[in-house]
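Residues per chain are reported as follows:
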Amino acid sequence: MSTVIKGGTIVTADLTYKADVKVEGGRVVEIGPNLSGAETLDATGCYVMPGGIDPHTHLEMPFMGTYSSDDFESGTRAALAGGTTMVVDFALPSPGQSLLEALTMWDNKSTRANCDYSFHMAITWWGEQVFNEMETIVKDKGINTFKHFMAYKGALMVDDDEMFSSFQRCAALGALPLVHAENGDVVAQLQAKLLAEGNSGPEAHAYSRPAEVEGEATNRAIMIADMAGCPVYIVHTSCEQAHEAIRRARAKGMRVFGEPLIQHLTLDETEYFDKDWDHAARRVMSPPFRNKLHQDSLWAGLASGSLQVVATDHCAFTTEQKRFGVGDFTRIPNGTGGLEDRMPMLWTYGVATGRITMNEFVAVTSTNIAKILNIYPKKGAILVGADADLVVWDPKRSKTISAKTQQSAIDYNVFEGKTVTGLPRFTLTRGVVSIEEGTVKTQEGHGEFVRRDPFPAVSTALSTWKEVTAPRAVQRSGIPASGV
Ligand SMILES: NC(=O)NCCC(=O)O
Ligand SMILES: [Zn+2]
Ligand SMILES: [Zn+2]
């Protein structure tokens, strides 16, 4: 059955124009004036945009002694309600565990997804088995990204030696390493010091992770990637120090990408000073919220192109779970929600304020990451043949964010009380209407795994340059006799 989205204005990362969009068999089949089909969706007064892609979620993630409370069903329902039509989650092998075994666990969880999804594979330990399995992950399993945690000492953290080995393997396989950049050794010492001094509340979480630990680790990851000859993607870039390292590297010609979160763009550190323990603990995440200077830096990065993607790091824990950390902030599960709110919050605080344009909005919520992950133009585009993952965006529709009406399974929302203007009228996932104004029509299990092949262009360029500039022994005509 064909569906025509009629009377709207198409907004992509580089174009704005009036046209109808015809969808059939889950794909865009025609774009132009006066189209007709079996079903019509009225887009009058709306922008028709590629659905959002959130490349950073943790659904049903085992972490800090518990599991994040949104699973692939509630998480992707929340995503669609906010105009996001694809998520990329992290498969996390426990140290010593096979990557393939971990992937099977994530495959099993994801069968409930309402929208399309993919995985990044985490490197949480190093050895011959990991080296070998990385090839299978890329070539057979269709995963072209590997995540490295420089923080969470004693749990997920890898050291420089392991990271350099893995980055070199990524270079050889044409894969992209992702990095959680915080100096985990320094964080661990600061945590112990704060606790010893009697600083046990959620605010101490922020004190233990100053911008310097992020800036140092970001710079280190970038330099290691440069030496390994691979690009690198820095997740949840939250501060000027990290942004500066990314900017500097890009200006030198390095392929480095930075991903601010909607939480860091719109919420600040004063949340941790709230007298209500629950309020502050619900906002504990790593890196923590920062101040206005850092926020301004992130917004400037999005506008100027030195930062490319806005994500959520959706990792939602209930208040009850957050209370594991009463009396010891290091036990508060790290993470916040955001999947349903990313696009409306970014539109309201970004487009409506003039910080970014509509086209930049599409770029940072969808198209840029589709290109970085090598799934463009299947995703992130409105073109004939592309998947019909679309959002019909009503710039006048408004709501006040509330946990009472959200799709997420948790009992609060870090954006509670904020009024957003700009919401989906329709969200389509591969041509199927899943959201119609306030009505949720999602289909559990509709989501499909999106295979992502390696990046031949970037890896060929980088390996060619590495070869051209490789150290070479100097050829000499004669070797002097030894002095001994
Ligand atoms: N960000 C956070 O606090 N929790 C999720 C795990 C991670 O991405 O570091
Ligand atoms: Zn992280
Ligand atoms: Zn994360």
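Scoring rules and cut-offs
- Residues numbered from 1 in each chain as written.
- Chains lettered and ligands numbered in written order.
- Predicted model: local features only at pLDDT ≥ 70, side-chain atom pairs only at ≥ 80, totals over all residues.
- Heavy atoms only, no water.
- Donors = N, O, S within 2.8 Å, 3.2 Å for Na, K, Ca; no water.
- Tetrahedral: all angles 85-135°; square planar, octahedral: opposite > 155°, others 65-115°.
- Helix = DSSP H or I, 4+ residues; strand = E, 2+ residues; numbered from the N terminus.
- Buried < 20%, exposed > 50% of the residue type's maximum accessible area, 1.4 Å probe, protein only.
- UniProt positions renumbered as here; feature names shortened; annotations may be inferred.
- Contact = heavy atoms within 4.5 Å.
- Near = heavy atom within 4 Å.
- Polar contact = N/O pair within 3.5 Å; in protein donor to acceptor, adjacent residues only side chain to side chain.
- Nonpolar A, V, L, I, M, F, W, Y, C, P; charged D, E, K, R; others polar.
- Pairing = 2+ DSSP bridges.
- Right-handed = clockwise from strand over helix to strand, strands pointing away.
- Axes fitted to C-alpha atoms, helices over the stretch in contact; angles between N-to-C directions.
- 1 Å grid on protein atoms, 1.4 Å probe; cavity = no way out; pocket = protein on both sides within 12 Å on 5 of 7 lines; lining within 4 Å.
- Points joined across faces, edges and corners; volume = space filled by probe spheres on them.

Caption draft 1: Representation of the coordination of the zinc ion (ligand 2). Those donors, His180 (ND1) and His236 (NE2), are the protein atoms that reach the zinc ion (ligand 2), and they lie 2.0 to 2.1 Å from it. Around the zinc ion (ligand 2), the four donor atoms are arranged such that angles at the metal cover 56 to 149°; this shape is classified as irregular. If you look at the zinc ion (ligand 2) and the zinc ion (ligand 3), they sit 3.7 Å from each other. In this pair, His180 is assigned in strand β14 (residues 176-180) and His236 in the loop between β15 (232-234) and α8 (240-251), connecting sequence segments 56 residues apart. In terms of burial, His180 and His236 fall into one category: buried.

Caption draft 2: Fine view of the UniProt feature "modified residue: N6-carboxylysine" (unreviewed entry) in the protein chain. Per the UniProt record, "modified residue: N6-carboxylysine" (unreviewed entry) is found at Lys147. Relative to the assigned elements, Lys147 resides in strand β13 (residues 145-149). For Lys147, a relative accessible area of 1% corresponds to the buried category. If we skip the residues at most four places from it in the chain, Lys147 touches His56, His58, Phe90, Met121, Ala122, Ile123, Leu178, Val179, His180 and Val235.

Caption draft 3: Main features of the site of ligand 1. Residues in close proximity to ligand 1 include His56, His58, Tyr152, His180, His236, Met285, Ser286, Asp313, Cys315, Asn334 and Gly335, which together make up its full environment. Here a nitrogen atom of ligand 1 sits 2.6 Å away from a polar atom, N or O, in the side chain of Asp313. The separation between a nitrogen atom of ligand 1 and a polar main-chain atom of Asn334 is 3.1 Å. Residues belonging to the shell around ligand 1 are distributed by class as follows: three nonpolar, seven polar and one charged.

Caption draft 4: How the structure looks around the coordination of the zinc ion (ligand 3). Protein coordination at the zinc ion (ligand 3) comes from His56 (NE2), His58 (NE2) and Asp313 (OD), with a distance range of 2.0 to 2.3 Å. Considering all four donor atoms around the zinc ion (ligand 3), the spread of angles at the metal, 83 to 138°, places the coordination shape in the irregular class. His58 gets classed as buried once you look at its relative accessible area, which sits at 6%. Judged by its relative accessible area of 7%, Asp313 falls in the buried class.

Caption draft 5: Highlighting the pairing of strand β19 (residues 432-436). With four bridges joining them, strand β18 (residues 419-429) and β19 adopt antiparallel strand pairing. If you follow Thr429 over to β19, its bridge partner there is Val432. Between the antiparallel neighbours β18 and β19 lie two residues, among them Arg430 with a positive phi of about 40°. As defined by bridge partners, β19 adjoins strand β20 (residues 439-440) across two bridges and the pair is classed as antiparallel. Opposite Glu436, over in β20, you have Thr439 as the bridge partner. Between the antiparallel neighbours β19 and β20 lie two residues, among them Glu437 with a positive phi of about 50°.

Caption draft 6: Structural context of the pairing of β14. Of all five residues making up β14, five are buried, and the element is well covered by its neighbours. Residues Leu176, Leu178 and His180 line one face of β14 and the alternating positions Pro177 and Val179 line the opposite face, and both faces are buried. Alignment of β13 against β14, held across five bridges, turns out to be parallel. Its bridge partner lying in β14, Phe146 is registered against Pro177. Of the crossover connections in this fold, the one passing from β13 over helix α4 (residues 160-173) to the parallel β14 is right-handed.

Caption draft 7: Layout of the sheet that holds β15. With respect to topology, seven strands assemble into an open sheet ordered β8-β11-β12-β13-β14-β15-β16, the strand pairing being parallel. Edge strands, defined here as strands with exactly one partner in the open sheet, are β8 (52-57) and β16 (256-258). Between one strand and the next, the sheet's axes are offset by a mean angle of 25°, whatever the strand orientation. Of the strand pairs in this sheet, β14 and β15 are connected by two bridges, and their pairing is parallel.

Caption draft 8: Main features of the sheet that holds strand β6 (residues 39-42). Taken together, four strands build an open sheet; the order of strands is β5-β4-β1-β6 and the sheet is mixed. Whereas interior strands pair on both sides, the edge strands pair on one side only; in this sheet they are β5 (27-32) and β6. Within this sheet the neighbouring strands show an average axis-to-axis angle of 20°, counted without direction. Pairing of strand β1 (residues 3-6) with β6 involves four bridges; the strand directions are parallel. Bridging across to β6, Lys6 finds its partner in Asp42.

Caption draft 9: Spatial organisation of unusual backbone geometry. The linkage connecting Ser286 with the following residue, Pro287, adopts the cis geometry, with an omega of -10°. Mapped onto the secondary structure, Pro287 falls in the loop between α10 (277-282) and α11 (292-304). Here the residue pair Tyr376 and Pro377 is connected by a cis peptide bond, since its omega of 5° sits within 30 degrees of zero. Examined against the element boundaries, Pro377 turns out to sit in the loop between α14 (358-372) and β17 (390-400). At Arg430, a position not held by glycine, the phi torsion is positive, near 40°. Looking at the element boundaries, Arg430 is found in the loop between β18 and β19. Taking the relative accessible area as the measure of exposure, Arg430 reaches 15% and is therefore buried.

Caption draft 10: Representation of the layout of surface pockets in the model. Taken as a whole, the largest pocket holds about 420 Å³ of empty space. Lining the largest pocket are 20 residues; nearest its centre among them are Phe63, Met64, Tyr152, Lys153 and Ala155. Secondary-structure elements contributing two or more residues to the lining of the largest pocket are β9 (62-63) and α5 (184-196). Looking at side-chain class alone, the lining of the largest pocket contains twelve nonpolar, six polar and two charged residues.

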